[in-house]
Amino acid sequence: MRIMLRFSKEGPLRWISHLDTMRTFQKALRRAAIPVALSQGFNPHQKLSLAAPLSVGVASRGEYLDLELKQEMAAEEIRTRLNGVLPAEMRILAAKELDGKAPSLMAAVQLSRYRLRLPAELSAEGPMLIAELLQQELLPLQRTTKKGGLSEVNLRPAIIDLALAAEEGEPFLSATIETSSQFFLRLQELVDLLAERAGRETWPYLESEPLRIDLGLNDQGRFRSLLECFAQN
Amino acid sequence: MKTCPLSTVQLASLEKPARYVGGEVNMQCKEGPEIALRMVLAFPDLYEIGMSHTGSKILYELVNSLPWAAAERCYAPWSDMEKLLRESGQLLGSLESARPLAAFDFVGFSLQYELCYTNLLNMLDLGGIPLRSNERGEGMPLVIVGGPGAFNPEPIAEFIDLALLGDAEEALPRLLQLYRDLKQAGRYERQEFLRQACRIPGIYVPSFYQAQYDGEGAFAAMNVLEEAASLPVRRAILSDFDQAFSCSQPLLPYIEVVHDRVVLELFRGCNNGCRFCQAGILYRPVRERSPEDLLRQAETLLQHTGYDEISLTSLSSMDYTQLEELIDALMERYAEQGIGLALSSLRMDTFSIDLAEKVQKVRKSGLTLAPEAGTQKLRDVINKNLNEEQIMEAIESAFKAGWSSLKLYFMIGLPGEDDSDLDGIVDLAQRILQSYRRLKVKGKLRLSVSVAPFVPKPHTPFQWGGQIPLAEIDRRQQYLRQRFRQLRGIDFSSHDRQTSFLEAVFSRGDRRLSAVVLEAWRRGARFDGWTECFHFARWQEAFAACAIDPAAYAEREYATDAPLPWDHLDSGVRKSWLLQERQKSVLQETTPDCRYGTCGGCGVCMDYAVGNRFAGEVRR
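Anyway, here's the lowdown on the structure attached to this text.

## Observations concerning the sheet that holds strand β17 (residues 490-494) of chain B
Residue and element names in this part refer to chain B.
- Taken in spatial order, the four strands make up an open sheet running β14-β15-β16-β17, and their pairing is parallel. Unpaired on one side and paired on the other, β14 (367-372) and β17 mark the two borders of the sheet. Across the sheet, the axes of successive neighbouring strands diverge by a mean angle of 20°, strand direction being ignored.
- Relative to β17, strand β16 (residues 446-453) is paired through five bridges, and the arrangement is parallel. Along β17, the bridge assignment pairs Ser450 with Ser493.

## Observations concerning the pairing of strand β7 (residues 150-154) of chain A
Residue and element names in this part refer to chain A.
- When strand β6 (residues 140-144) meets β7, the two strands line up antiparallel, connected through five bridges. Of the residues in β7, the one forming a bridge with Arg143 is Ser151.
- The turn joining β6 and β7, which pair antiparallel and follow one another in sequence, is formed by five residues; a positive phi near 105° is taken by Gly148.

## Examining the side chain of Thr305 of chain B
- As for its position among the elements, Thr305 of chain B is in helix α9 (residues 291-305).
- Looking at Thr305 of chain B, the relative accessible area reads 1%, which means it is buried.
- Residues within four places of Thr305 of chain B in sequence aside, it is in contact with Lys27 and Arg31 of chain A together with Pro250, Leu252 and Val262 of chain B.

## As for the packing of helix α5 (residues 117-126) of chain B against helix α17 (residues 514-522) of chain B
Residue and element names in this part refer to chain B.
- Where α5 meets α17, the closest approach of the two axes is 9 Å, and the angle between their N-to-C directions is 70°. Compared by their axis directions, α5 and α17 come out roughly perpendicular. Of the two elements, α5 crosses α17, and the hand of that crossing is right-handed. Residues Tyr117, Thr118, Leu121, Asn122 and Asp125 of α5 form the contact with α17, whose participating residues are Val517, Leu518 and Trp521.
- Tallied by class, the residues present in the contact of α5 with α17 amount to five nonpolar, two polar and one charged.

## Digging into helix α15 (residues 470-487) of chain B
Residues and elements named next belong to chain B.
- With 18 residues, α15 should reach 26 Å at 1.5 Å per residue; the first-to-last C-alpha distance of 26 Å fits that figure.
- Those residues of α15 that fall on the buried side of the exposure criterion are Ile473, Arg476, Gln477, Leu480 and Phe484. Looking straight down α15, one finds its buried side chains confined to an arc of 100°; they lie on one side. Turned more than 90 degrees away from the buried face of α15 sit Ala471, Arg485 and Gln486, all of them exposed.
- Looking at the packing, one finds that the buried side of α15 touches β15 (405-412), α14 (419-439), β16, β17 and α16 (497-507).
- One or two steps after α15, the chain reaches Arg488, where phi turns positive at roughly 65°.

## Some remarks on the pattern of salt bridges
Residues and elements named next belong to chain A.
- Under the counting rule described, the total for this entry stands at 62 salt bridges over all chains.
- In this structure, Asp20 and Arg23 form a salt bridge, with 2.6 Å as the shortest nitrogen-oxygen distance. Pair noted here: Asp20 and Arg23 are both in helix α1 (residues 18-31), with a separation of three residues, about one helical turn. Each of the two residues, Asp20 as well as Arg23, counts as buried.

Conventions we followed
Residues numbered from 1 in each chain as written. Chains lettered and ligands numbered in written order. Predicted model: local features only at pLDDT ≥ 70, side-chain atom pairs only at ≥ 80, totals over all residues. Heavy atoms only, no water. Pairing = 2+ DSSP bridges. Helix = DSSP H or I, 4+ residues; strand = E, 2+ residues; numbered from the N terminus. Axes fitted to C-alpha atoms, helices over the stretch in contact; angles between N-to-C directions. Buried < 20%, exposed > 50% of the residue type's maximum accessible area, 1.4 Å probe, protein only. Contact = heavy atoms within 4.5 Å. Parallel < 35°, antiparallel > 145°, perpendicular 65-115°, else oblique. Left-handed = near helix turned anticlockwise from the far one by under 90°. Nonpolar A, V, L, I, M, F, W, Y, C, P; charged D, E, K, R; others polar. Expected span 1.5 Å × (residues − 1). Arc of directions from axis to C-beta. Salt bridge = Lys/Arg side-chain N within 4 Å of Asp/Glu carboxyl O.

Rendered as structure tokens:
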């Protein structure tokens, strides 16, 4: 039986790595007595995997874990038990049974949705900036290749959507970008792009207190949350 | 929970921000009007080291179990964090509440070894606390040290207010209770508190004593300045472990640390009587926990942690009288769930190897054994009761059981050592290689030999003798390196001799060295136990600036009737017995473990009304 968990990673937990997160779940699953299936062989380990890596320092309310059980247990039961043993800054927000034929979440993920705080100076020109950016067909960037040379890539197709919102009087940017094995747009690259368009110096993306909102699939240009896909009916 | 005051970008600039943000599972943040006392357990080393230290976790839970007390934590900041703190003007604070160290009632440091002194000073400074005890006024915390280093804290006596010698499980709550009582009665005053505190067994207040030196600059006496202070300061010894506090929800680190598994302390103490070993003195007699108690603890700990490995820990785990029964019970209960067992401190005999094999059925990581000396003569000198036949038998069992990776630990510079003893190390290693080949075991043997310079420790039979000169350590290391290079197939490593030299200076040091510690810290000395951070030149300059010759301390030979700078601190055993053991070592006479019936007269049982407590029958 396969389970999909959506969880948050906030506060001090922003600073733990992918592997640290895996280990945290391994221990939590044992504390909560969740019957996780073990792999075969010399060094048996629990069968769980995280859907997508998250850069250290970035908080999230939309991380996903793919879990295989050796015994049946209701998804809601798993959610309650885990929340009972996890720290406050790591909450299981949703738990669903996955369709047995669903691909691994790691292979399926295509898009990430982030919320970024914009520098105060950009709040006025924000809407115009974004509209103008989205109008472009070509947003070039020089990336260094593995061999050390430079290659030009077009970032525009990797930007699915940009929208502005205000939260408690502060301007926030909601950005839905491609973070798949085909193309991976980095947050720093997005920030560099915005800075360039605004005619100002770029800033370290962590200054924007990035928060990952969700992971999803690209459904003909529209973002579709992982939570909606692959669930067992 | 108050968060770390550093910004996201600041934290992101650090090597491992997770060291400084807290939020771990089983962390306790106690706020509220009922909290009368707040203590910060400040570990004078990196997070990864401190979070591997079981003693600190026990104290954390112990103090937090008192309804009116709160314990928080702080670890030595790495150089990048120190720079950030100094540049931003922020004070070093606790992980739980980001309170600066200066805001606590007690700041407690665990002294595991001598090379953490500069980290201790650095943490006080970064935490807003005046370094010298006599500079701290009423509003400042009380700085207390514990751990094995508390048995000779003289080189840093000037910087601390109290030391706790021995088991903290009873002594620390008593100390904290005294503080609370005085505060509640409105009668708290720093000096009055210290006067009453020094009456608690195990508590040492350095300011109540003054060191006296003679005309030649040798230590002459420790004068008692305060009526309430005792001479000697007695050690705190817990007689019964089953009644003692034990951890049930230890702190779980998120990041990788050195030791990350359930730790079961089988017993405290060790009576093997190895003459170089300070721990064997400071923790005797042997007090075992019952298997029932240990099984109960294991269950609780697994429930609260979710670990998949249990480590059986003690100074010499193999001596636990109910070891086989315990291992069988643990494996019966947990093997199916995939929970593994790890054994530390293997003894060099076939029984131990068989047991280790039982436990490591699936995967065999490397085996570590410590013969310590290469010849029978030297092993008898240090009372490591082990003969060549036993060693070879044990190692052959290991090979037959499937171990192909072996690490051997030895010391050089032991009393009475000469080059033939060094040859003994090489010959032993060679015989092990030959034995492996003879047994025709599959695969290649990975044999490594690690050698460390002997550091004479206070409160041991070897406390009167000095370390061999640095140049001689170098010569012996080179000699061994040469010989092992000729042998081939053996990986040889030797511990940095300059670090060992510095350890030797401080381990039998006196109060005059505090100026050097301060000077070295001022010159940027930090994390001296870390190769990448240790700069011998800084220390040499510090010694020169204070007009002190470090070799005079490291190599000092004390006459057996000379007063020692740590005589006023009682380790539990009688000085006369240490002297007796020293004399026996010169004659190459051994002393058996007292568990087999013959009391050697060390005095701890008689003087402290304690005794060896075994969970089962003592077998040979």
